[in-house]
Amino acid sequence: MSIIGYEGIAAFIKGSYPLGSRIVEVGVGQHPEVAHLLQNDFDVICTDITESGPEGVRYVKDDIFKPDMALYKGASLIYSIRPPVDIQDAMASVAKKVGASLLIRPFSSERADLKKYFRSFKVINYQGAAFYVYNDGYRPCYPQPPSWQPP
């Protein structure tokens, strides 16, 4: 079963970040749908704590609580689909350290308070997908695909 709205998340990323840039998915599990849609246009790395990951994507075992920072260095975006709240804080810390934006598609209304890492965030509702994008303004804040309309 696919994650609802994964096409919208991928479309937003494609229209918002430079093609060819590094993008890291944290906690991919067995749902690499977004990564599949991005991998031809970006340097996508999927991570999780298990030894092996899903087929058809570049997978590296990594624990976000003890991250291999080389995986994240130079990333434009770090994202996760339905991450537990405790992981969100660790993701924000890594994103802040490497200067990446952070996109979180929460499970229901679960969302960590990440203000200590980022000055601003925005709730995006794009093509049926609702998610949060955190950014510090050191790169264009919330670039918007041409067809983006405010919610």
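These numbers come from a predicted model, not from an experiment.

Moving on, we come to the overall build of the protein chain. Tallying secondary structure elements over the protein chain gives four helices and seven strands in all. By the burial criterion, 49% of the 151 residues in the protein chain qualify as buried. Contacts spanning at least 24 positions in sequence make up 53% of the contacts within the protein chain whose residues lie at least 6 apart. Surface exposure of the protein chain reaches about 7400 Å², of which carbon and sulfur atoms provide 53%.

Here strand E2 (residues 43–48) lies mainly inside the structure; five of its six residues are buried. Summarising the sheet, strand E1 (residues 22–26) and E2 pair through five bridges and their orientation is parallel. Note that in E2 the partner of Glu-25 across the bridge is Cys-46. Since E1 and E2 lie parallel, the crossover through helix H2 (residues 33–38) that links them has a hand, and here it is right-handed.

Attention shifts here to the packing of aromatic side chains. Inspection of the entire model under this criterion finds six aromatic pairs. Pairwise contacts between aromatic rings join Phe-118, Phe-121, Tyr-132 and Tyr-134 into one cluster.

Take the nonpolar core next. Among the nonpolar cores identified, the biggest contains 26 residues, and Ile-9, Ile-13, Val-34, Leu-38, Tyr-79, Leu-103 and Phe-131 are the most heavily contacted of them. Breaking this core down by element, the ones donating at least two residues are helix H1 (6–16), H2, E2, strand E4 (75–81), strand E6 (120–126) and strand E7 (129–135). With five residues, the top contributor of residues to this core is H1. Membership of the second largest hydrophobic core comes to 22 residues, among which are Val-26, Ile-78, Val-94 and Ala-100.

So, on to the pattern of salt bridges. Per the counting criterion, the structure on display carries four salt bridges. The closest approach of N and O atoms between Lys-14 and Asp-41, which form a salt bridge, is 3.4 Å. Of this pair, Lys-14 sits in helix H1 while Asp-41 sits in the loop between H2 and E2; the two residues are 27 residues apart in sequence, bridging distant segments of the chain. Three or more residues joined by partner-sharing salt bridges are found here, namely Arg-22, Asp-43 and Arg-58.

Attention now goes to the environment of Pro-67. Here Pro-67 is to be found in the loop between strand E3 (59–61) and helix H3 (69–72). Classification of Pro-67 as partly exposed rests on a relative accessible area of 25%. For the pair formed by Pro-67 and Ala-90, sequence separation is 23 residues and the distance between their alpha carbons is 9.1 Å. Once residues within four sequence positions are removed from consideration, Pro-67 is found in contact with Asp-62, Tyr-72 and Val-94.

The rules behind the values
- In every chain, residue numbers begin from 1 and rise along the written sequence.
- Local features in a predicted model are, by the rule used here, given only for residues with pLDDT of at least 70; side-chain atom pairs are given and counted only at 80 or more, and totals for whole chains, interfaces and linings are based on all residues.
- Here the side-chain values reflect all heavy atoms present in the structure, with hydrogen atoms and water set aside.
- Only DSSP runs of H or I with at least four residues qualify as helices, and only runs of E with at least two residues qualify as strands; both kinds are numbered from the N terminus onward.
- The classification of residues rests on relative accessible area computed with a 1.4 Å probe and restricted to protein chains. Under 20% of the type maximum is buried, over 50% is exposed, and intermediate values are partly exposed.
- The criterion used for residue contact is that any of the two residues' heavy atoms lie within 4.5 Å.
- Calculation of accessible area relied on Shrake-Rupley with a 1.4 Å probe; when residues are assessed, cover is drawn exclusively from the protein chains displayed.
- DSSP bridges decide pairing: two strands pair if at least two such bridges lie between them.
- Orient the strands so they point away from the viewer; a crossover is then right-handed if the path from the first strand over the helix to the second runs clockwise.
- To pair, rings of Phe, Tyr and Trp, with the six-membered ring standing in for Trp, must have centres within 6.5 Å; the planes then decide the type, stacked if under 30 degrees apart, edge-to-face if over 60, and tilted in the middle.
- Here, nonpolar core refers to any group of buried Ala, Val, Leu, Ile, Met, Phe, Trp, Tyr and Cys residues whose side-chain atoms link them within 4.5 Å.
- By definition here, a salt bridge exists when the distance from a side-chain nitrogen of Lys or Arg to a carboxyl oxygen of Asp or Glu is within 4 Å.

Scope: geometric values only; no functional claims are made or implied.
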